Amino acid sequence: MPEVRNNAEKPVDRAEQHSRETVHRFRIPVFILTGFLGAGKSTLLNSVLRDPAFARTAVIVNEFGDVALDHDLVSIGQTQVARTTTGCMCCTFGSNVRAGLHDLHTLAAAGEVSFERVIVETTGLADPAPIINDLIPGGSPAVGLRDHVVARTFELAGVVTLVDVMTGATSIENHFEATKQVAFADRIVLTKTDLLPDPGPSPDVESLTAMLAKHNPSAPIEDRMATGFAQGRLFDPRAYVPASLGDDVTGWLALDEALRAENANAPSSGHDDRDGADRHGGRIRAFTLTRDDPIEQVALDKFMTLISAAAGPRLLRVKGLVNLMEDPGRPRVIHVVQHVVYPTLLLQAWPSDDHRTRLVFITDGVDPKPVHQLFDAALDNRPSRIGRLLAEMGEGLSQALRSSASRMTRNAS
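Residues numbered from 1 in each chain as written. Predicted model: local features only at pLDDT ≥ 70, side-chain atom pairs only at ≥ 80, totals over all residues. Heavy atoms only, no water.

Student: Report on the packing of helix α3 (residues 96-109) against helix α5 (residues 145-153), specifying residues and quantitative values.
Tutor: When two helices pack together, their arrangement is given by the angle between their axes and by how far apart the axes lie. At their nearest, the axes of α3 and α5 sit 9 Å apart, and the two run at 75° to each other. Considering the angle they form, α3 stands roughly perpendicular to α5. Contacts from R98, A99, L101, H102 and H105 in α3 reach R146, D147, V149, V150 and T153 in α5. Residues belonging to the contact of α3 with α5 are distributed by class as follows: 4 nonpolar, 3 polar and 3 charged. (Axes fitted to C-alpha atoms, helices over the stretch in contact; angles between N-to-C directions. Helix = DSSP H or I, 4+ residues; strand = E, 2+ residues; numbered from the N terminus. Parallel < 35°, antiparallel > 145°, perpendicular 65-115°, else oblique. Contact = heavy atoms within 4.5 Å. Nonpolar A, V, L, I, M, F, W, Y, C, P; charged D, E, K, R; others polar.)

Below you can see the structure in the form of structure tokens.
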């Protein structure tokens, strides 16, 4: 048998190597589930959690914005635990992923929960580099006992990236985060191929697959809707080795560490940068529309038609739970990704005691204020109010949005 050597070509002590491998086997595997906004992460996660083989799975759901919603859209059984954070993990140098894992470890040590794997569902805007740096040996340094406990207890065992075939190419071309999500993956899954207009091989899908292979030649690419697709295999523990993914990945991890060190040495600004403006650019905005009372279906349809037609690809993501006047006991799940408005999904019961309508918007260059005002005007069925809003907002509203709103006002008159 050839002698085992490390990168420096020095002989490795076999007893020490066996000890490291034993520790490796008994660490709890952590999987990162990522993908750009609307790629279908929660849908896949829910499907996985329904499998009895994944009963002992802990889930950390990361959300972008100040209102927690995604945890209500993830099915949590008796043996699963959800730790939800708001504010993009990759924008919080304090590392929410380490904090979440430490919380899970504390609960397990107290005998309150038992799990054998952890799946971290990131926000659609997540830059994977900071999260991965917090979980790999030689990544971000431990800054306290908590981080040491996490390093001894957990290990990164895989990065699964979902890519929506309908909007994936546009997302990769226009958003650097989407490119990095693909590059850091050791498994890539195409989603929504069943929604394509024509069955069978598609030139668009072939073009997208070639684009993915260019950004990440190492990761296998699978179709979630293909016959024989085994979603459970995505979360089989394995060795995640960033260096095997190419020089770009290695460089991005090093750059993240440099940014983190620079941030640690910079004078405090006195505010918590939870919205991720520095990483995602000032144009990216997250805001939430809420309504306490049930709303009418026709009013909701009116508003969604208006905003999706007007904002188009700048409407990166809308998701939410809606309390309809016609059926207040069963919420509707709203999904909009860029120009695509998906059919609403009916839940048989509210997932929590919060029965408000909550719509979380993530937009690129869209001012939240006029969206809030148009939401109220549309739901209150006040077309004349919409007309006055247009006059008051003037150039504060895009020409496309003003034109769409004007058409809606004329049609309602």
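Student: An account of helix α2 (residues 41-49) is needed here, citing residue identities and associated values.
Tutor: In terms of burial, α2 is largely enclosed, as 8 of its 9 residues are buried. Among all positions in α2, only K41, S42, L44, L45, N46, S47, V48 and L49 are buried. (Buried < 20%, exposed > 50% of the residue type's maximum accessible area, 1.4 Å probe, protein only.)

Student: Give me the lowdown on the environment of R332, citing residues and values where you can.
Tutor: Take R332: it is sitting in strand β10 (residues 332-337). When the C-alpha positions of R332 and A349 are compared, they lie 9.7 Å apart, and in sequence the two are 17 residues distant. Separated by 3.3 Å, the side chains of R332 and D327 make a polar contact. (Polar contact = N/O pair within 3.5 Å; in protein donor to acceptor, adjacent residues only side chain to side chain.)

Student: A description of the packing of aromatic side chains should follow, citing residues and the corresponding values.
Tutor: A complete count under the given rule lists 7 aromatic pairs for this structure. For the pair F31 and F235, a centre-to-centre distance of 5.6 Å together with 90° between the ring planes defines the contact as edge-to-face. Of the two residues, F31 sits in strand β1 (residues 28-35) while F235 sits in the loop between β7 (221-223) and α9 (247-265), which places them 204 residues apart along the sequence. Here F31 and F235 have matching classes, each one buried. (Phe/Tyr/Trp six-rings, centres within 6.5 Å; stacked < 30°, edge-to-face > 60°.)

Student: Go over empty space enclosed by the protein, please, and point to the residues and values.
Tutor: Inspection of every chain in the model, using the stated rule, returns 2 cavities of 30 Å³ or more. Estimated volume of the largest cavity: approximately 100 Å³. Looking at the largest cavity, it is lined by 15 residues, and the ones nearest its centre are F36, L162, V163, D164 and G168. Listed by contribution, the elements that provide at least two residues to the lining of the largest cavity are β5 (154-164), α6 (168-174) and α7 (176-183). Considering each element in turn, the lining of the largest cavity owes the most residues, 4 residues, to β5. (1 Å grid on protein atoms, 1.4 Å probe; cavity = no way out; pocket = protein on both sides within 12 Å on 5 of 7 lines; lining within 4 Å. Points joined across faces, edges and corners; volume = space filled by probe spheres on them.)

Student: Could you give me a rundown of the pairing of β1, with the residues and numbers involved?
Tutor: For β1, the buried fraction is high: 8 of the 8 residues fall into the buried class. Along β1, one buried face is formed by I28, V30, I32 and T34 and the opposite face, lined by P29, F31, L33 and G35, is buried too. Bridge count between β1 and β5: 8 bridges; the pairing is parallel. Residue pairing for β5: V30 is matched across the bridge by L156. With 4 bridges joining them, β1 and strand β4 (residues 117-121) adopt parallel strand pairing. Bridging across to β4, I32 finds its partner in V120. (Pairing = 2+ DSSP bridges.)

Student: Which residues make up the nonpolar core, and what values go with them?
Tutor: Counting 30 residues, the largest nonpolar core has L101, V118 and I132 as its most contacted members. The set of elements that each furnish at least two residues to this core consists of β1, β2 (57-63), α3, β4, α4 (128-133), β5 and α9. With 4 residues, the top contributor of residues to this core is α3. Not counting chain neighbours up to four residues away, the residues in contact with L101 comprise V30, I60, V118, L135, V150 and F154. Of all hydrophobic cores here, the second largest spans 22 residues; its members include I295, A311, L315 and A378. (Core = buried A, V, L, I, M, F, W, Y, C linked by side-chain atoms within 4.5 Å.)

Student: Talk me through the pairing of strand β13 (residues 357-364); I want residue IDs and the actual numbers.
Tutor: Within β13, 8 of the 8 residues are buried, which leaves it mostly tucked inside the rest of the structure. A two-sided burial pattern is seen for β13, the buried positions comprising T357, L359, F361 and T363 on one face and R358, V360, I362 and D364 on the other. The pairing of strand β8 (residues 284-291) with β13 spans 8 bridges and is classified as antiparallel. Residue pairing across strands places A286 opposite I362, the latter belonging to β13.

These results come straight from atomic positions and should not be treated as a statement about function.
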